[in-house]
Amino acid sequence: SMLIGGTALLIIPAVSSITAKAVLSQLGKFAITGSFAMVYVYAAEIFPTVVRNVGVGSASMFARVGSIIAPYIGRELGRKSPAAPVIIFGVTSVLAGIVVLLLPETRNTKLADTIVEGEDFNREFGGLSGLRKKKERSHSAPTFAQSFDISHN
């Protein structure tokens, strides 16, 4: 929905009809609002159980920072150029929609309970995993959990 919202916002400057601009802006706002709500759903699935509270809280905090900054971008840049806020919000939405493709798919998978399981999950199901070759697990380089000795018992 970030791609849909961002694309709708990027089309607005090219449209001359007031009605079409209103429809595209509402479509963009609707899609981006839906994406904001997905932060909580997806963050709860992606983080291992042992760090889930911190992960969901961090995702929520960054989503709220964006909500705090957005009115300033809209109001202050809107005074300089009416198209600037729409382009900034559109570009960042499209970029976020593309970057989210790098996140692993969690559908019909067992969610990770430990950091080691989370690393293994990402290695196996990480974003665009169907497009990259599977690497043999190297035991020479320690994993994040091994380097801090937070493996499960």
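Residues numbered from 1 in each chain as written. Predicted model: local features only at pLDDT ≥ 70, side-chain atom pairs only at ≥ 80, totals over all residues. Heavy atoms only, no water.

1. With respect to the overall build of the protein chain
Applicable threshold: Think of it this way: any DSSP run of H or I at least four residues long counts as a helix, any run of E at least two long counts as a strand, and we number them from the N terminus. The cut-offs for exposure are 20% and 50% of the maximum accessible area for each residue type, with area from a 1.4 Å probe on protein chains only; residues under the lower value are buried, those over the upper are exposed, and the others partly exposed. For this analysis, residues touch if any pair of their heavy atoms sits within 4.5 Å. With residues, only the protein chains shown are counted as cover, and all accessible areas are computed by Shrake-Rupley using a 1.4 Å probe.
If you tally the helices and strands in the protein chain, you get six helices and zero strands. Walking the protein chain from its N terminus toward its C terminus, one meets helices and strands in the order α-α-α-α-α-α. Residues classed as buried in the protein chain amount to 23% of the 153 residues present. Taking contacts inside the protein chain between residues at least 6 apart in sequence as the whole, the part at least 24 apart equals 56%. For the protein chain, the exposed area adds up to about 10600 Å²; of that, 67% sits on carbon and sulfur atoms.

2. Some remarks on the side chain of Arg 52
We apply this condition: Neither His nor the chain termini are counted; the positive set is Lys and Arg, and the negative set is Asp and Glu. Any carboxyl oxygen of Asp or Glu that lies within 4 Å of a side-chain nitrogen of Lys or Arg is treated as forming a salt bridge with it.
Here Arg 52 lies in helix α3 (residues 52-80). One buried charged residue, Arg 52, forms no salt bridge at all, with the nearest opposite charge on Asp 113 at 5.5 Å. The residues contacting Arg 52, other than those within four sequence positions of it, are Ala 44, Phe 47, Leu 111 and Ala 112.

3. Quick notes on the confidence of the model for the protein chain
Our working definition: A score between 0 and 100, pLDDT records how confident the predictor is in each residue.
The share of residues in the protein chain with pLDDT of 70 or more is 82%, and the mean pLDDT across the chain is 81. Put simply, helix α6 (residues 144-148) is where the protein chain has its lowest mean pLDDT, 56, and helix α1 (residues 2-11) is where it has its highest, 91.

4. Overview of the pattern of salt bridges
Taken as a whole and judged by the stated rule, the model has four salt bridges. A salt bridge links Glu 76 to Arg 75; the nearest nitrogen and oxygen atoms lie 3.4 Å apart. Judged by its relative accessible area of 43%, Arg 75 falls in the partly exposed class. Residue Glu 76 is joined to Arg 79 by a salt bridge in which the shortest nitrogen-to-oxygen separation is 3.2 Å. In this pair, Glu 76 and Arg 79 both sit in helix α3, three residues apart, roughly one turn of the helix. With relative accessibility at 37%, the residue Glu 76 sits in the partly exposed group.

5. Considerations on the packing of α1 against helix α4 (residues 83-99)
The following threshold applies: For helices, the axis comes from a line fit to the C-alpha atoms of the stretch in contact; other axes are also lines fit to C-alpha atoms, and the angle between any two N-to-C directions lies between 0 and 180 degrees. We call two directions roughly parallel when the angle between them is under 35 degrees, roughly antiparallel when it is over 145, roughly perpendicular when it lies between 65 and 115, and oblique otherwise. In this scheme the handedness of a crossing depends on how the near helix is turned from the far one: anticlockwise by less than a right angle means left-handed, clockwise means right-handed. Polar here means any residue other than Ala, Val, Leu, Ile, Met, Phe, Trp, Tyr, Cys and Pro, which are nonpolar, and Asp, Glu, Lys and Arg, which are charged; Gly is therefore polar.
α4 packs onto α1 with a crossing angle of 155° between their chain directions and a minimal axis gap of 7 Å. In this view, α1 runs roughly antiparallel relative to α4, as classed from their interaxial angle. Relative to α4, α1 is oriented so that their crossing is left-handed. Note on element contacts: α4 touches α1 through Val 86, Ile 87, Phe 89, Gly 90, Val 91, Ser 93, Val 94, Ala 96, Gly 97 and Ile 98, opposite Met 2, Leu 3, Gly 6, Thr 7, Leu 9 and Leu 10. Of the residues belonging to the contact of α1 with α4, the class tally is eleven nonpolar, five polar and no charged.

6. Notes on the packing of α1 against helix α2 (residues 18-46)
Running from N to C, α1 and α2 cross one another at 155°; their axes reach a closest spacing of 8 Å. Taken together, α1 and α2 sit at an angle that is classed as roughly antiparallel. Of the two possible hands of crossing, α1 and α2 adopt the one that is left-handed. Judged by residue contacts, Met 2, Ile 4, Gly 5, Ala 8, Leu 9 and Ile 11 of α1 engage Leu 24, Ser 25, Leu 27, Gly 28, Ala 31, Ile 32 and Ser 35 from α2. Partitioned by chemical class, the residues of the contact of α1 with α2 number nine nonpolar, four polar and no charged.

7. Some thoughts on the environment of Gly 34
In this structure, Gly 34 sits in helix α2. Its relative accessible area of 33% is what places Gly 34 among the partly exposed residues. Sequence separation between Gly 34 and Ser 1 is 33 residues, and the spatial gap between their C-alpha atoms is 7.1 Å.

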